[in-house]
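Next come the chains, spelled out residue by residue.
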Amino acid sequence: MAQQQQTTEKAAPPRTPIESGCPDGFQYMHPLMIKNYGNWKYHDRPRPGVLHHVAYSGDEIWTVRVGTQRQLGPYEIGLLCDIIDKYGEGYVRFTIRSNMEISLSSWNKVEPLIKAFEEAGYPVGGTGNSVTMISHTQGWLHCDIPGTDASGVVKALMDDLYEEFVKEDMPNRVHITTSCCQINCGGQGDIAINVQHTKPPKINHDLVANVCERPSVVARCPVAAIRPAMVNGKPSLEVDEKKCICCGACYPPCPPMQINDPEHSKLAIWVGGKNSNARSKPMFHKLVAAGIPNNPPRWPEAGAIVKKILHVYKKDAKDWERVGDWVERIGWPRFFELTELPFTKFHVDNWRGSRYTLNASAHIRF
Ligand code: SF4
Ligand code: SF4
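Worth saying up front: this structure is predicted, and the values here are computed from it rather than measured.

A. Representation of the nonpolar core within the structure. Judged by nonpolar contacts, the single largest core of 39 residues is most densely connected at Ile176, Ile269, Val288, Ile309, Leu310, Trp326 and Phe335. Secondary-structure elements contributing two or more residues to this core are α5 (150-160), α6 (162-166), β8 (191-197), β13 (265-271), β14 (286-292), α9 (300-316), α10 (323-330) and α11 (332-339). The contacts of Ile176, once residues within four sequence positions are left out, are Arg97, Val131, Met133, Ile134, Ser135, Leu161, Ile191, Ile193, Val306 and Leu310. Core analysis: the second largest hydrophobic core is formed by 17 residues, Leu80, Ile102, Val110 and Phe117 among them.

B. Layout of the state of the cysteines. Across all of its chains, the model carries one disulfide by this definition. Here Cys212 is linked by a disulfide to Cys254, with a sulfur-sulfur distance of 2.1 Å. Its S-S torsion of approximately 70 degrees makes the covalent link between Cys212 and Cys254 right-handed. Of this pair, Cys212 sits in the loop between α7 (205-211) and α8 (214-220) while Cys254 sits in the loop between β11 (234-239) and β12 (257-258); the two residues are 42 residues apart in sequence, bridging distant segments of the chain.

C. Representation of the sheet that holds strand β6 (residues 135-136) in the model. Judged by pairing direction, the sheet is mixed, and its five strands sit side by side in the order β6-β7-β8-β13-β14 without closing on themselves. Because the sheet does not close on itself, it has two edges, and the strands there are β6 and β14. Both β8 and β13 contribute to a ladder of seven bridges, which runs antiparallel. Bridge pairing in β13 links Ile191 to Val271. Along the sheet, α9 contacts β7 (176-179), β8, β13 and β14; its crossing angle with β13, the most-contacted strand, is approximately 10 degrees. Sitting on the sheet, α11 touches β13 and β14, and the angle it makes with β14 is about 40 degrees.

D. Representation of a nonpolar patch on the surface in the model. On the surface, Phe26, Ile34 and Tyr37 cluster together into a nonpolar patch covering about 290 Å² of accessible area. Tracing the backbone through its elements, the reader meets Phe26 in the loop between α1 (2-11) and α2 (31-35).

E. Expanded view of unusual backbone geometry. With an omega of 5 degrees, the peptide bond between Pro296 and Pro297 qualifies as cis. Positionally, Pro297 belongs in the loop between β14 and α9. For Trp299, which is not glycine, the phi dihedral falls at a positive 45 degrees. Locating Trp299 in the fold gives a position in the loop between β14 and α9. When its relative accessible area of 7% is taken as the criterion, Trp299 is described as buried. Unlike most non-glycine residues, Glu340 shows phi in positive territory, near 60 degrees. Among the secondary structure elements, Glu340 is positioned in the loop between α11 and α12 (353-357).

F. Geometry of α9. The end-to-end C-alpha distance of α9, which contains 17 residues, comes to 24 Å, matching closely the 24 Å that a straight helix rising 1.5 Å per residue would cover. Along α9, the residues classified as buried are Ala302, Gly303, Ile305, Val306, Ile309, Leu310, Val312 and Tyr313.

G. Quick peek at the environment of Lys266. Its place among the elements puts Lys266 in strand β13. For Lys266, a relative accessible area of 22% gives the class partly exposed. On a C-alpha basis, the gap between Lys266 and Ala120 in space is 35 Å, while along the polypeptide they are 146 residues apart. With residues near it in sequence (within four places) discarded, Lys266 still touches Asn194, Val195, Gln196, Thr198, Gly291, Ile292 and Asn294. Polar side-chain contacts of Lys266 include one of 3.2 Å to the backbone oxygen of Glu263.

About the cut-offs
- Residues numbered from 1 in each chain as written.
- Chains lettered and ligands numbered in written order.
- Predicted model: local features only at pLDDT ≥ 70, side-chain atom pairs only at ≥ 80, totals over all residues.
- Heavy atoms only, no water.
- Core = buried A, V, L, I, M, F, W, Y, C linked by side-chain atoms within 4.5 Å.
- Buried < 20%, exposed > 50% of the residue type's maximum accessible area, 1.4 Å probe, protein only.
- Helix = DSSP H or I, 4+ residues; strand = E, 2+ residues; numbered from the N terminus.
- Contact = heavy atoms within 4.5 Å.
- Disulfide = S-S within 2.5 Å.
- Pairing = 2+ DSSP bridges.
- Axes fitted to C-alpha atoms, helices over the stretch in contact; angles between N-to-C directions.
- Patch = residues over 30% accessible without salt bridge, like charges linked within 9 Å, V, L, I, M, F, W, Y side chains within 5 Å.
- Areas by Shrake-Rupley, 256 points an atom, 1.4 Å probe, with all protein chains shown as cover.
- Salt bridge = Lys/Arg side-chain N within 4 Å of Asp/Glu carboxyl O.
- Expected span 1.5 Å × (residues − 1).
- Polar contact = N/O pair within 3.5 Å; in protein donor to acceptor, adjacent residues only side chain to side chain.

Below you can see the structure in the form of structure tokens.
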């Protein structure tokens, strides 16, 4: 018996790790970056959209930042890679906001590369005090809750904000985010455009028993508004509409609880969030406009409000104030006056607990 067990142990193949994380970035880095890794003397920006790094060894490297439409298909990827191979040196990386950055070892290659991108319709910019690429959530591509396609709002807005991307004219950098539901995995932004459901889910009772695991749906609700119920002799669910905050979290585990609605799923605009610790602590963004029509394909109403806020911020903020810093200095009443946005009862945050319970610092503490 012991001998048999030993034979089985010997025969077992070694367990190899499954590597599904991102690959080692060094293999894709420009050789000058690998050579001078951790030994940079200084960096500057010779023009918007171009970063220049100088190493202690005397080596220099230029990086050209290009805006994309975020969701790239094979055609766009092929087009961009052809440009990078022809005018660059074949080294490219994506930033967290889906800008592309192309590394070059010579200043002489910078202008021809920029010209090629611009001729293909891709703007160069997004550095320093610009409105850099808008980040968006997964949208219909990967998530099961979206009330709109966040990438569509981003494309429409970035077309409108082209000039602010290619110039560095803002008081400080502006990070805009979009989220396609109120779970807001787009995170905190100087300006955020988020979908807001305004009505509780409509339940298709005929389907609930076949499609939904009822206990998981009940557990999913953050305000305990869902209860099991028998409807027309079938096991189903019911929602206490007075408690429901219309968050949409019950919809993914139970699609018969339809929350998306062409009329009642709206966009809301939030202002003043940031993750950075520079000059002031990280901040949560606050609601400034709600009930904006979710109006594809160009979302003109949301775009007009974002542009208005940006315009006022650009004119009124002091150098290096982020949007949140600016609002804190002038006060919210003045913000609403300057932007001419109506202040309603929906702007009043009556959940004071957030101040004390949520960690608002990016520092790691133990
Ligand atoms: S914001 Fe909401 S709908 Fe959009 S990807 Fe995140 S969780 Fe999904
Ligand atoms: S929408 Fe949100 S709050 Fe309303 S029932 Fe569903 S999970 Fe609960």
